[in-house]
Amino acid sequence: MKAIAGFICTAVALALCFGAPSPAAAEFNLDSYKCYKAKDLKQPKFLATTVDLADQFAGATGTYTVKKPFLFCNPVNKDGGGILNATDHLTCYKIKGPKFDGPNVQVTNDLGPALQLDVRKPFLLCVPSLKEVL
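Just so it is clear, the structure is predicted and the values come from calculations on it, not from any experiment.

**Student:** Just to check I follow, could you spell out the layout of surface pockets for this structure?
**Tutor:** Rolled over the atoms, a probe with the dimensions of a water molecule shows which regions are left empty. The space that makes up the second largest pocket amounts to roughly 690 Å³. Residue lining of the second largest pocket: 20 residues in total, with Lys39, Asp40, Leu41, Phe72 and Leu134 positioned closest to the centre. Those elements that place two or more of their residues in the lining of the second largest pocket are strand E4 (62-76) and strand E5 (89-96). Per-element accounting of the lining of the second largest pocket gives the leading share, 3 residues, to E4. Among the residues making up the lining of the second largest pocket, the classes are represented as 10 nonpolar, 4 polar and 6 charged.

**Student:** Looking at this structure, how should I read unusual backbone geometry?
**Tutor:** With the exception of glycine, the majority of residues adopt a negative phi angle, and the majority of peptide bonds are in the trans configuration. Residues Gln43 and Pro44 are joined by a peptide bond in cis, for which omega reads 0°. By the element assignment, Pro44 lies in the loop between strand E2 (32-37) and strand E3 (49-53). Phi at Lys42 is positive, roughly 60°, even though this residue is not glycine. By the element assignment, Lys42 lies in the loop between E2 and E3. The phi dihedral of Asp79 is positive, around 55°, even though this residue is not glycine. Relative to the assigned elements, Asp79 resides in the loop between E4 and E5.

**Student:** Explain the state of the cysteines here, please?
**Tutor:** Chemically, a disulfide is nothing more than a covalent bond linking the sulfur atoms of two cysteines. Inspection of every chain in the model, using the stated rule, returns 2 disulfides. A sulfur-sulfur distance of 2.0 Å marks the disulfide that ties Cys35 to Cys73. One quick way to see it: the torsion about the S-S bond of Cys35 and Cys73 is about 110°, and its sign makes the bridge right-handed. Pair noted here: Cys35 is in strand E2 and Cys73 is in strand E4, with a separation of 38 residues, a long-range link. Take Cys35: its relative accessible area is 26%, and that puts it in the partly exposed class. Linked covalently through their sulfurs, Cys92 and Cys126 form a disulfide whose S-S length is 2.1 Å. Disulfide Cys92-Cys126: the torsion about the S-S bond is 110°, which places it as right-handed. Pair noted here: Cys92 is in strand E5 and Cys126 is in strand E8 (residues 122-129), with a separation of 34 residues, a long-range link.

Conventions adopted
Residues numbered from 1 in each chain as written. Predicted model: local features only at pLDDT ≥ 70, side-chain atom pairs only at ≥ 80, totals over all residues. Heavy atoms only, no water. 1 Å grid on protein atoms, 1.4 Å probe; cavity = no way out; pocket = protein on both sides within 12 Å on 5 of 7 lines; lining within 4 Å. Points joined across faces, edges and corners; volume = space filled by probe spheres on them. Helix = DSSP H or I, 4+ residues; strand = E, 2+ residues; numbered from the N terminus. Nonpolar A, V, L, I, M, F, W, Y, C, P; charged D, E, K, R; others polar. Disulfide = S-S within 2.5 Å. Buried < 20%, exposed > 50% of the residue type's maximum accessible area, 1.4 Å probe, protein only.

Quick look at the structure:
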């Protein structure tokens with residue numbers, strides 16, 4: 001098994017992964033991202049692998065199978081705010097892992113008032129990526 005640093009996204013809390021940065025997130029040079037559905041062109045074909053993942057939700061820690069690419073995300077200039085890191089992208093893969101009964105969280109960002117979310121099953125792993133247009 002190998003470990004991959006990235007983000008675990010949950011079905012209800014996608015805003016945590018793809019939403020606009022909060023004022024606190026801007027301190028960490030995080031951009032907003034626009035994500036596109038992605039299909040493996042099989043050159044070479046992505047082979048499923050397993051990774052050990054741990055995040056701030058203790059119950060979500062465990063071994064996950066990384067199944068296939070699902071999204072590719074570009075940093076975006078949202079409402080004229082600029083792009084902090086134009087070379088950093090995300091590739092998101094479908095994952096399957098241990099059962100998880102997540103907590104409720106409050107999310108604050110610049111898209112509106114603070115939201116309370118019921119965090120559910122992890123289903124994506126987003127890893128930092130570089131891109132080259134072919």
